[in-house]
Amino acid sequence: MKRRLIVACGSGVATSQTIASKIAGLLEDDGIDFPVEAVDYKSIQSELPSTGIYVYVAQPDDEVLEKAEELGVKVFPGIPFLTGMGADQIYDDIKALVE
């Protein structure tokens, strides 16, 4: 797996940065050193080839999902990291991929 996780939202600043920080903090707490970056959705096609895990804020379009699947990028929803609902299961799935 490519050694990077990206979180994408419209601007790559507010929501994606918050979620990226939460995921990075959880990984750090578990002693896992794995790069986590916030990016803007407009650059997602150029970011996917160097990514192993993509966490989205807004549902990505079919073209992006097809490209992710073609590249073997695992895709997860990010909103649970804001709401807390379902975040533990998604984090466990991410953690299993990066360990």
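Look above for the structure.
All of the points below concern the structure found in this document. Everything quoted here is computed from the prediction, not taken from an experiment.

1. Some points on the overall build of the chain
Link 1 in the chain: Secondary structure assignment for the chain yields five helices and four strands.
Link 2 in the chain: If you list the helices and strands of the chain from N to C, you get β-α-β-α-β-α-β-α-α.
Link 3 in the chain: Its C-alpha atoms give the chain a radius of gyration of 12 Å, within 12% of the compact-globule value 13 Å for 99 residues.
Link 4 in the chain: In terms of overall dimensions, the chain has a C-alpha envelope of 35 × 25 × 20 Å along the principal axes.
Link 5 in the chain: Within the chain, buried positions represent 40% of all 99 residues.
Link 6 in the chain: Taking all contacts inside the chain whose residues are at least 6 apart in sequence as the whole, residues at least 24 apart take part in 55%.
Link 7 in the chain: Accessible surface for the chain amounts to roughly 5,300 Å². Of this, 50% is attributable to carbon and sulfur atoms.
Link 8 in the chain: When the 8 positive and 17 negative side-chain charges of the chain are each reduced to one mean point, those points stand 3 Å apart.

2. Notes on helix 1 (residues 15-29)
Link 1 in the chain: End to end, helix 1 covers 21 Å across 15 residues, agreeing with the expected 21 Å (1.5 Å per residue, within 8%).
Link 2 in the chain: Within helix 1, burial applies to Ser-16, Ile-19, Ala-20, Ile-23 and Leu-27. The arc that holds the buried residues of helix 1, viewed along the axis, is 100 degrees, so those residues lie on one side. Counted as exposed and oriented over 90 degrees from the buried face of helix 1: Glu-28 and Asp-29.
Link 3 in the chain: For helix 1, the secondary structure elements touched by its buried residues are strand 1 (5-9), strand 2 (36-40), strand 3 (53-56), helix 4 (80-83) and helix 5 (87-98).

Reading the values: rules and limits
Residues numbered from 1 in each chain as written. Predicted model: local features only at pLDDT ≥ 70, side-chain atom pairs only at ≥ 80, totals over all residues. Heavy atoms only, no water. Helix = DSSP H or I, 4+ residues; strand = E, 2+ residues; numbered from the N terminus. Rg over C-alpha atoms; globule rule 2.2 N^0.38 Å. Buried < 20%, exposed > 50% of the residue type's maximum accessible area, 1.4 Å probe, protein only. Contact = heavy atoms within 4.5 Å. Areas by Shrake-Rupley, 256 points an atom, 1.4 Å probe, with all protein chains shown as cover. Lys, Arg positive; Asp, Glu negative; His and termini not counted. Charge placed at Lys NZ, Arg CZ, Asp CG, Glu CD. Expected span 1.5 Å × (residues − 1). Arc of directions from axis to C-beta.

Function cannot be inferred from these measures alone, as they are strictly geometric.
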